[in-house]
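Okay, here's what each chain looks like letter by letter:
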Amino acid sequence: MKIGYPCLNLTLPCQNSQTFRLASYSQKRFLATVNNNLDCLLETLQYNREKGILFFRITSGLVPFASHPVCRVDWPVVFRDKFKAIGRFIKKEKMRTSMHPGHFTLLNSLRTTVWRRSIKEIEYHVDVLDLLGLDNSHKIQIHVGGVYNDKEESLKRFIETYKKLSPKLKKRLVIENDENSYNADDCLRISKATKMPIVFDVFHHQLYNQGEDLKEIIKEIFLTWRKKDGIPIVDYSSQDANKKRGAHTEGIDLENFNKFLEITQDVDYDIMLEIKDKAKSALEALGFIGHSPLASKLY
DNA sequence: TCACGTCAAGCAGAT
DNA sequence: ATCTGCTTGACGTGA
């Protein structure tokens with residue numbers, strides 16, 4: 001088991017997702033920003049390595065406007081060496097990474113422009129992981145998308161669009177259950193048709209499920225991961241007691257976390273902690289497991 | 001230096 | 001009808 005946090009390190013002085021307004025786009029600005037973001041990504045990974053955090057979600061903001069027509073810089077070529085160096089570090093330290101394109105990425109949209117743009121956006125994410133030279137256990141996770149007043153049709157549309165994607169996109173893509181449109185069971189149906197692995201989001205499942213036994217559904221979901229996909233990925237968070245339903249906690253709730261660990265003690269997976277304070281909670285979780293009977297699960 | 005209106009992109013649920 | 005949340009708040013103008 002590796003423990004991770006998403007995108008952003010709140011203690012480092014650098015920013016790995018620096019951006020700018022579309023209106024202020026210039027080639028110079030773009031190049032300087034990507035250069036900064038890549039340097040900061042490496043710094044963040046170095047920080048993680050020092051702390052023993054071996055799983056990390058790379059921000060989609062790494063290359064701003066990468067999939068937008070305004071960007072005509074051949075950034076994969078310009079930054080090839082820098083990507084390669086970061087990738088070498090990730091591989092040397094046996095880290096795992098993932099990416100999570102934004103909520104505008106909708107393969108099952110009814111609008112052609114939307115799903116076409118979404119494919120471009122996924123291609124950008126694939127380019128990042130490919131440039132880093134990472135194998136296909138480094139995943140890109142997306143949600144199924146909208147319902148558009150007809151879930152059956154929308155689910156089918158997702159499958160059909162997925163099937164048309166090129167192999168290099170298919171190898172990276174995984175789906176994640178969400179909290180109001182497509183639950184774990186829906187994802188399993190899609191996985192049966194597409195062979196896509198499923199990222200199990202514990203908190204989303206808690207908010208939207210079909211009353212399945214947690215242990216059972218996890219077992220079934222983990223079967224969607226094949227050897228070349230790496231071990232399953234789990235997204236973990238829990239409810240902020242003081243905020244409305246669906247709000248992630250500020251800091252990790254170790255009691256709740258421990259319950260999940262106990263339920264899943266027989267299986268191995270990497271866990272992404274979607275907690276507001278990010279690395280802080282990841283460190284707490286590491287310390288907690290390190291002093292528990294599950295310490296041998298960490299590597 | 002700071003406050004705050006706005007920012008590439010879509011959808012669903014809450015109010 | 002309008003607001004909020006989601007991958008991740010952060011840019012940038014005006015004072």
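Thresholds applied
Residues numbered from 1 in each chain as written. Chains lettered and ligands numbered in written order. Predicted model: local features only at pLDDT ≥ 70, side-chain atom pairs only at ≥ 80, totals over all residues. Heavy atoms only, no water. Buried < 20%, exposed > 50% of the residue type's maximum accessible area, 1.4 Å probe, protein only. Helix = DSSP H or I, 4+ residues; strand = E, 2+ residues; numbered from the N terminus. Contact = heavy atoms within 4.5 Å. Polar contact = N/O pair within 3.5 Å; in protein donor to acceptor, adjacent residues only side chain to side chain. Pairing = 2+ DSSP bridges. Axes fitted to C-alpha atoms, helices over the stretch in contact; angles between N-to-C directions. Near = heavy atom within 4 Å. Nonpolar A, V, L, I, M, F, W, Y, C, P; charged D, E, K, R; others polar.

Caption draft 1: A look at helix α7 (residues 184-194). Three or more residues of α7 are buried, namely A184, D186, C187, L188, I190, S191 and T194. The inward-facing, buried residues of α7 abut α5 (151-164), β5 (173-176), β6 (198-201), α8 (202-207) and α9 (214-222). Sitting at the amino-terminal end of α7 is N183, which places a side-chain oxygen 3.1 Å from the backbone nitrogen of D185. One or two positions beyond α7, positive phi appears at K195, with a value near 65°.

Caption draft 2: The arrangement of the sheet that holds β6 in detail. Ordered in space as β1-β2-β3-β4-β5-β6-β7-β8, the eight strands form a closed barrel in which the pairing is parallel. Here the average twist between neighbouring strands, direction ignored, is 30°. Where strand β1 (residues 3-6) and strand β8 (residues 270-273) come together, two bridges link them in parallel fashion. Of the residues in β8, the one forming a bridge with G4 is M272. The sheet strands contacting α9 are β6 and β7 (233-236), and the helix crosses β6 at an angle near 155°. Lying over the sheet, helix α11 (residues 279-290) contacts β1 and β8, oriented at roughly 170° with respect to β1.

Caption draft 3: Seen up close, the protein's contact with DNA strand B. As a structural note, the neighbourhood of DNA strand B is formed by 19 residues, with R21, L22, H103, V147 and Y148 the closest of them. Here the atoms of DNA strand B within 4 Å of the protein split so that 53% fall in sugar or phosphate, with bases taking the remainder. Within the backbone of Y148, an N or O atom sits 2.8 Å from a phosphate oxygen of DNA strand B. Between DNA strand B and the protein, one listed contact pairs a phosphate oxygen with a backbone N or O atom of N180 at 3.5 Å. Here the residues of the surface near DNA strand B sort into eight nonpolar, seven polar and four charged.

Caption draft 4: View of the pairing of β1. Covered by surrounding structure in β1 are I3 and Y5 together with G4 and P6, the residues of both alternating faces. For β1 and strand β2 (residues 55-58), the ladder comprises three bridges, and the chain directions are parallel. Bridge pairing in β2 links P6 to R57.

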